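Analysis of the macromolecular model
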Amino acid sequence: MIWVKIYRTPQDILLAAADEELVGKEFRDGKYKIKITESFYKDMLVTEEQFIELFLTCSVANLVGNRTVGKAIEMGFISSSNVLTIQGIPHAQFSLMEE
């Protein structure tokens, strides 16, 4: 399962998503650090299918975890070459650029 939270602004819809077991943890690797806080990621607990449906509605995404980032790669939203790994945990960001 994946924790997701949606943020709306007049210009964008941001989807924050993280593997369920990572919320509340912090990871460090050299100069990189990521804190997967409940306040930022934890609103709705969804399946991978529901995550994809929500991803299709967003213009910006912040993704953490093997399932979450892996599903975004599998669906072609994220390139594996753009994934940062922090202490073994994949992290990716997505931004939809309109012409």
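See the structure printed just above.
Residues numbered from 1 in each chain as written. Predicted model: local features only at pLDDT ≥ 70, side-chain atom pairs only at ≥ 80, totals over all residues. Heavy atoms only, no water.

Our next topic: the packing of helix α2 (residues 48–55) against helix α3 (residues 66–74). With their axes 11 Å apart at the nearest point, α2 and α3 run at an angle of 55 degrees to one another. Here α3 runs oblique to α2, going by the angle between their axes. The two elements α2 and α3 meet at a crossing, and its hand is right-handed. Taking contact as the criterion, the partners of Glu48, Phe51, Ile52 and Phe55 in α2 are, on α3, Arg67, Thr68, Lys71 and Ala72. Its residues assigned to classes, the contact of α2 with α3 comprises 4 nonpolar, 1 polar and 3 charged. (Axes fitted to C-alpha atoms, helices over the stretch in contact; angles between N-to-C directions. Helix = DSSP H or I, 4+ residues; strand = E, 2+ residues; numbered from the N terminus. Parallel < 35°, antiparallel > 145°, perpendicular 65-115°, else oblique. Left-handed = near helix turned anticlockwise from the far one by under 90°. Contact = heavy atoms within 4.5 Å. Nonpolar A, V, L, I, M, F, W, Y, C, P; charged D, E, K, R; others polar.)

Right, let's talk about α3 for a bit. Every buried residue of α3 is accounted for by Thr68, Val69, Lys71 and Ala72. Projection of α3 onto a plane perpendicular to its axis shows the buried side chains occupying an angular sector of 160 degrees, all on one side. Exposed residues on α3 whose side chains face more than 90 degrees from its buried face are Asn66 and Glu74. Buried residues along α3 sit against β1 (2–8), β2 (13–19), α2, β6 (60–64) and β8 (89–95). (Buried < 20%, exposed > 50% of the residue type's maximum accessible area, 1.4 Å probe, protein only. Arc of directions from axis to C-beta.)

Following the criterion strictly, the structure yields 4 salt bridges and no others. Note that Arg67 is salt-bridged to Glu21, the shortest N-O span being 2.9 Å. Residue Arg67 is found in helix α3, and its partner Glu21 is found in the loop between β2 and β3 (26–29); the two are separated by 46 residues along the sequence. Relative accessible area serves as the criterion here: at 28%, Arg67 is assigned to the partly exposed category. Residue Glu21 is classed as partly exposed on the basis of its relative accessible area of 41%. A salt bridge links Lys71 to Glu74, with the shortest nitrogen-to-oxygen separation between them at 3.2 Å. In this pair, Lys71 and Glu74 both sit in helix α3, 3 residues apart, roughly one turn of the helix. Glu74 gets classed as exposed once you look at its relative accessible area, which sits at 56%. (Salt bridge = Lys/Arg side-chain N within 4 Å of Asp/Glu carboxyl O.)

The backbone of Gln87 shows a phi angle near 55 degrees, a positive value even though the residue is not glycine. Examined against the element boundaries, Gln87 turns out to sit in the loop between β7 (84–86) and β8.

Glancing now at α2. Those residues of α2 that sit buried are Phe51, Ile52, Leu54 and Phe55. The buried residues of α2 occupy an angular sector of 165 degrees when projected down its axis, which confines them to one face. Facing away from the buried side of α2, by more than 90 degrees, are the exposed residues Glu49 and Glu53. Close packing links the buried residues of α2 with β1, β2, β5 (44–46), β6, α3 and β8.

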